[in-house]
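Observations on chain architecture
The residues making up each chain are set out below.
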Amino acid sequence: MKYHTLEGVITLNKDTFYGVGTMPCVAIFTTGKPHPNNKLCKFIDFREDGYKVSPHIGLIETTQAKDKKQHLLDVWFNRMEAEVKFCVKTPIEADDEWLHSFYYFNDEIPTEKEFERTIGDYLSFEFSMIMQDRGYLFAFPNDKRKLQMTTSLLDQEWRAFFIGGDDGVFIIKSTSTGIDKNKLLKSEDKVTIPYITRSNICNGINQFIPETQKEKYNLDEAN
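Presented here is a report on the structure given in the accompanying data block. Remember, it's a predicted structure, so these values are computed and weren't measured experimentally.

Moving on, we come to the overall build of the protein chain. When its secondary structure is counted, the protein chain shows 4 helices and 8 strands. Beginning at the N terminus, the succession of helices and strands in the protein chain can be written as β-β-β-β-β-α-β-α-α-α-β-β. Relative to all contacts within the protein chain whose residues are 6 or more apart in sequence, the contacts with residues 24 or more apart total 53%. When the accessible area of the protein chain is evaluated, it comes to approximately 17500 Å², of which 53% is carbon and sulfur surface.

This is the structure in structure tokens:
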């Protein structure tokens with residue numbers, strides 16, 4: 001970026017090099033020109049390019065390929081605007097993930113049917129965890145939890161918000177707790193305080209800490 005300008009990155013069909021295990025993309029630069037701080041780069045999701053894999057043949061062109069290619073060119077050369085699920089324009093930093101999936105978020109209001117399906121998926125997941133003796137992940141103080149849909153989702157106010165930063169909903173920080181997880185798991189005390197931690201594969205609630213032991217640990221104020 002000190003010497004060249006990133007114009008954009010196009011994520012390609014995962015089967016572009018069919019038979020080779022790779023997730024291809026194209027990064028387009030203007031060489032010899034330092035990258036401006038306020039430069040808007042295009043990040044395009046072109047995985048649906050009109051080509052598909054045919055058994056025993058490989059990647060073949062469908063009747064949609066030419067139209068999809070023309071749509072890509074029209075968006076790239078600013079001849080038309082595209083939905084954010086196809087193209088996101090944003091400034092970048094050197095250590096950002098230069099992919100459409102990093103910047104894109106679905107801003108469509110979910111339907112009630114989609115909401116109900118997601119709740120069903122969650123309940124299936126919770127039941128699966130309980131059957132695997134991991135019910136402590138859901139040990140909320142009130143076991144008589146109810147999901148009440150008193151009004152339509154479409155009647156609610158929806159907006160985008162930031163997770164971290166001065167204007168964010170949550171303050172993102174790390175803490176040092178020194179929690180002995182083995183001792184906590186053996187505790188017979190009532191567990192109500194969520195212990196949020198991280199592993200090398202995911203972040204989230206690892207378990208719940210007993211009320212009687214909360215004074216031993218650095219309890220963060222909720223918001």
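Here the narrative resumes.
What follows concerns the pattern of salt bridges. Charged atoms that come close allow side chains of opposite charge to pair. Scanning the model with the defined rule gives 6 salt bridges in all. K39 is the partner of E7 in a salt bridge, and the nearest nitrogen-oxygen pair spans 2.7 Å. With a gap of 32 residues between them, E7 in strand β1 (residues 5–12) and K39 in the loop between β2 (25–30) and β3 (41–46) connect regions that are remote in the sequence. On the basis of relative accessibility, which here comes to 21%, the residue K39 falls in the partly exposed class. D45 serves as the salt-bridge partner of R47, at 2.8 Å between the closest nitrogen and oxygen. Its relative accessible area of 46% is what places R47 among the partly exposed residues.

With that settled, consider a nonpolar patch on the surface. Taken together, F161, I163, V169, F170 and I172 make up a surface patch of nonpolar side chains, about 480 Å² in accessible area. Residue placement: F161 occurs in the loop between α3 (112–131) and α4 (181–186).

This brings us to the pairing of strand β5 (residues 58–61). By the bridge criterion, 4 bridges tie strand β4 (residues 51–54) to β5 in an arrangement that is antiparallel. Bridge assignment links K52 to a residue of β5, and that residue is I60. Between the end of β4 and the start of β5, which pair antiparallel, lie 3 residues, with H56 showing a positive phi angle near 70 degrees.

What follows is about the sheet that holds β1. Spatially, the 4 strands line up as an open sheet ordered β2-β1-β3-β6, and their pairing is mixed. Strands at the two margins of the open sheet, each flanked by one partner only, are β2 and β6 (87–90). Averaged over all pairs of adjacent strands, the angle between strand axes in this sheet comes to 15 degrees, irrespective of strand direction. Contacts from helix α1 (residues 65–76) reach β1, β2, β3 and β6 within the one sheet, and its direction differs from that of β3 by about 170 degrees.

Attention shifts here to α1. Taking 1.5 Å of rise per residue, 12 residues should cover 16 Å, and α1 covers 16 Å from first to last C-alpha, within 8% of that figure. Where α1 is buried, its residues contact β1, β2, β3, β4, β5 and β6. The positive-phi residue at the C-terminal boundary of α1 is N78, with phi of around 60 degrees.

Turning to the environment of I28, a few remarks are in order. Mapped onto the secondary structure, I28 falls in strand β2. I28 sits 13 residues away from C41 along the chain, and the two C-alpha atoms are 9.8 Å apart. Beyond its immediate stretch of four places on either side in the chain, I28 contacts T5, L6, E7, G8, I10 and W76.

Mapped onto the elements of the fold, G50 is located in the loop between β3 and β4. Excluding residues within four positions of it along the chain, G50 makes contact with I60, E61, T62, Q64, A65 and K68.

Of note, H56 is a non-glycine position whose phi angle comes to about 70 degrees, a positive value. Of note, H56 is situated in the loop between β4 and β5. Unusually for a residue other than glycine, N78 sits at a positive phi of about 60 degrees.

Let us now look at the nonpolar core. Counting 9 residues, the largest nonpolar core consists of I10, L12, I44, F46, L72, V75, W76, F86 and C87. Those elements that place two or more of their residues in this core are β1, β3 and α1. Counting residues per element, this core draws most heavily on α1, which supplies 3 residues. Ignoring any residue separated from it by four or fewer positions in sequence, one finds V75 in contact with K42, I44, M80, A82, F86 and C87.

Conventions and cut-offs
Residues numbered from 1 in each chain as written. Predicted model: local features only at pLDDT ≥ 70, side-chain atom pairs only at ≥ 80, totals over all residues. Heavy atoms only, no water. Helix = DSSP H or I, 4+ residues; strand = E, 2+ residues; numbered from the N terminus. Contact = heavy atoms within 4.5 Å. Areas by Shrake-Rupley, 256 points an atom, 1.4 Å probe, with all protein chains shown as cover. Salt bridge = Lys/Arg side-chain N within 4 Å of Asp/Glu carboxyl O. Buried < 20%, exposed > 50% of the residue type's maximum accessible area, 1.4 Å probe, protein only. Patch = residues over 30% accessible without salt bridge, like charges linked within 9 Å, V, L, I, M, F, W, Y side chains within 5 Å. Pairing = 2+ DSSP bridges. Axes fitted to C-alpha atoms, helices over the stretch in contact; angles between N-to-C directions. Expected span 1.5 Å × (residues − 1). Core = buried A, V, L, I, M, F, W, Y, C linked by side-chain atoms within 4.5 Å.

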